[in-house]
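Below, each chain spelled out in residue letters.
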Amino acid sequence: MKTAIVTGGGSGIGRAIAHRLAADGHRTAILDLDTEAADRVTQEIRSAGHEAMAVGGTDVSDRKLVNAAIDTVREQFGPVSVLVNNAGMTGFDNFLRIEDDLWERILAVNLNSVFYCCQAIVPDMIEAGWGRIVNISSSSAHSGQQYMTHYVAAKSGVIGLTKSLALELGRSGITVNTIPPGFVDTPMLRNSESQGLLGGSVDHHAERTPVRRAGKPEDIAAACAFLVSEEAGYVTGQVIGVNGGRNT
Ligand SMILES: NC(=O)c1ccc[n+]([C@@H]2O[C@H](COP(=O)([O-])OP(=O)(O)OC[C@H]3O[C@@H](n4cnc5c(N)ncnc54)[C@H](O)[C@@H]3O)[C@@H](O)[C@H]2O)c1
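Residues numbered from 1 in each chain as written. Predicted model: local features only at pLDDT ≥ 70, side-chain atom pairs only at ≥ 80, totals over all residues. Heavy atoms only, no water.

Participant: What should I look at first to understand the overall build of the protein in this one?
Facilitator: Scanning the protein from terminus to terminus reveals nine helices and six strands. Its C-alpha radius of gyration of 17 Å places the protein within 12% of the 18 Å reference for a compact globule of 248 residues. The dimensions of the protein, computed from C-alpha atoms along their principal axes, are 45 × 35 × 35 Å. For the protein, with 248 residues in total, the buried portion stands at 50%. When contacts within the protein are restricted to residue pairs at least 6 apart in sequence, those whose partners lie at least 24 apart make up 72%. Of the roughly 11,400 Å² of accessible surface on the protein, a fraction of 49% belongs to carbon and sulfur atoms. (Helix = DSSP H or I, 4+ residues; strand = E, 2+ residues; numbered from the N terminus. Rg over C-alpha atoms; globule rule 2.2 N^0.38 Å. Buried < 20%, exposed > 50% of the residue type's maximum accessible area, 1.4 Å probe, protein only. Contact = heavy atoms within 4.5 Å. Areas by Shrake-Rupley, 256 points an atom, 1.4 Å probe, with all protein chains shown as cover.)

Participant: Honestly, helix H2 (residues 35-47) in this entry has me stumped. Any pointers?
Facilitator: The α-helix winds at 3.6 residues per turn, so residues separated by three or four positions along the chain end up facing the same way. For H2, which comprises 13 residues, the first-to-last C-alpha distance of 18 Å matches the rise-based estimate of 18 Å (1.5 Å per residue) to within 8%. All buried positions along H2 are accounted for by Ala-37, Ala-38, Val-41, Thr-42 and Ile-45. Burial along H2 is one-sided: seen end-on, the buried residues are contained in an arc of 135 degrees. Opposite the buried face of H2, at more than 90 degrees from it, the exposed residues are Glu-36 and Ser-47. Between the side-chain oxygen of the N-cap and the backbone nitrogen of Glu-36 there are 3.2 Å, and the N-cap of H2 in question is Asp-34. (Expected span 1.5 Å × (residues − 1). Arc of directions from axis to C-beta. Polar contact = N/O pair within 3.5 Å; in protein donor to acceptor, adjacent residues only side chain to side chain.)

Participant: Help me understand the pairing of strand S2 (residues 27-32) in this model?
Facilitator: The side chains of a regular strand alternate between both faces of the sheet. Of all six residues that make up S2, five are buried, and the element is covered over most of its length. As paired elements, strand S1 (residues 3-7) and S2 share five bridges and run parallel to each other. Bridging across to S2, Thr-3 finds its partner in Arg-27. With helix H1 (residues 12-23) bridging S1 and its parallel neighbour S2, the resulting β-α-β unit is right-handed. (Pairing = 2+ DSSP bridges. Right-handed = clockwise from strand over helix to strand, strands pointing away.)

Participant: How do you make sense of the site of the ligand when you look at a structure like this?
Facilitator: Around the ligand sit 27 residues, and of these Ser-11, Asp-32, Tyr-151, Val-184 and Thr-186 come closest. For the ligand, a nitrogen atom lies 3.2 Å from a polar atom in the backbone of Leu-33. Interatomic distance of 2.7 Å between a backbone N/O atom of Val-184 and an oxygen atom of the ligand. Surface burial for the ligand is 90%, taken as the share of its 830 Å² of free accessible area covered by protein chains. When contributions to the shell around the ligand are tallied by element, the ones reaching two or more residues are H1, helix H4 (100-128), helix H6 (149-169) and helix H7 (187-194). Residues of the shell around the ligand, tallied by class, amount to twelve nonpolar, ten polar and five charged. (Near = heavy atom within 4 Å. Nonpolar A, V, L, I, M, F, W, Y, C, P; charged D, E, K, R; others polar.)

Participant: What should I look at first to understand the pairing of strand S5 (residues 131-136) in this one?
Facilitator: With six of its six residues buried, S5 lies for the most part within the structure. Alternating residues of S5 divide into Gly-131, Ile-133 and Asn-135 and Arg-132, Val-134 and Ile-136, and every residue in both groups is buried. Relative to S5, strand S4 (residues 82-85) runs parallel, the two being bridged by four bridges. Paired with Val-84 across the two strands is Val-134, which belongs to S5. For the handedness criterion, the β-α-β arrangement of S4, H4 and S5 is classed as right-handed. Across six bridges, S5 lies against strand S6 (residues 174-179) in parallel orientation. Of the residues in S6, the one forming a bridge with Ile-133 is Val-176.

Participant: Before we go on, may I ask you to explain H4 in this structure?
Facilitator: Look at H4: 40 Å from first C-alpha to last across 29 residues, which is about the 42 Å you get at 1.5 Å a residue. Its axis deflected by about 45 degrees at Ala-108, H4 carries its strongest bend there. (Bend = angle between axes of the 7 residues up to and from the residue.)

Pasting the structure below:
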């Protein structure tokens, strides 16, 4: 049985990924800033008969907290061989009004976190001669997105980091891939909708999506489950879009 860490596993896409990896037989640890949400999802997974633990209060933009959380996971579940960097925060701001603090926070949560988590866990994977890293980026990094320069810069950075790290770690039996989701029905998307930031309702955009629906968190989890599997060992450094055909 392998140990997997899912950051931001307390909600939306991360929750679905944590459920899926646990159901597929991974001991699954959820690292999330939101302690209550991380505990709730852990209980859901345990109730379904699978192994899970939560390290709540983990702000993935803080290297010390990341390292401490990963040590806690190792103590209970052993070395980590699957890492899904999913935690993220969005933002919607006129470029000229973005202040340094906000820019740095969005970069830290979406990009620095990937750097910190990978640096903490890759030694376990090198030691094992096997590892799987999946970084959740964003389809907005394919297309650009107005009023999201900070977020799109961070998510584009995640794609570049993924490609480069894949080249560095290939010889160690470790794959590194990124899934840029597009338009997935989660609390993050509904929050943007309720603030009128989507330029129309979720239903309105679903009708204009080639597959005629919004994405489900489980759609991303399914792609992730493949990328962390044994049989995906020849897939690395790839950008696997899961977006209903909105970006090709
Ligand atoms: N929903 C979409 O359509 C969509 C599209 C593109 C990219 N994404 C990306 O997918 C990922 C998941 O998004 P979602 O829609 O499920 O969002 P969500 O808001 O439903 O869930 C995000 C989770 O991350 C956690 N989190 C936020 N900041 C954190 C921090 N600093 N440290 C630790 N945990 C933190 C939250 O507590 C929450 O549990 C994000 O990286 C997001 O940018 C989502």
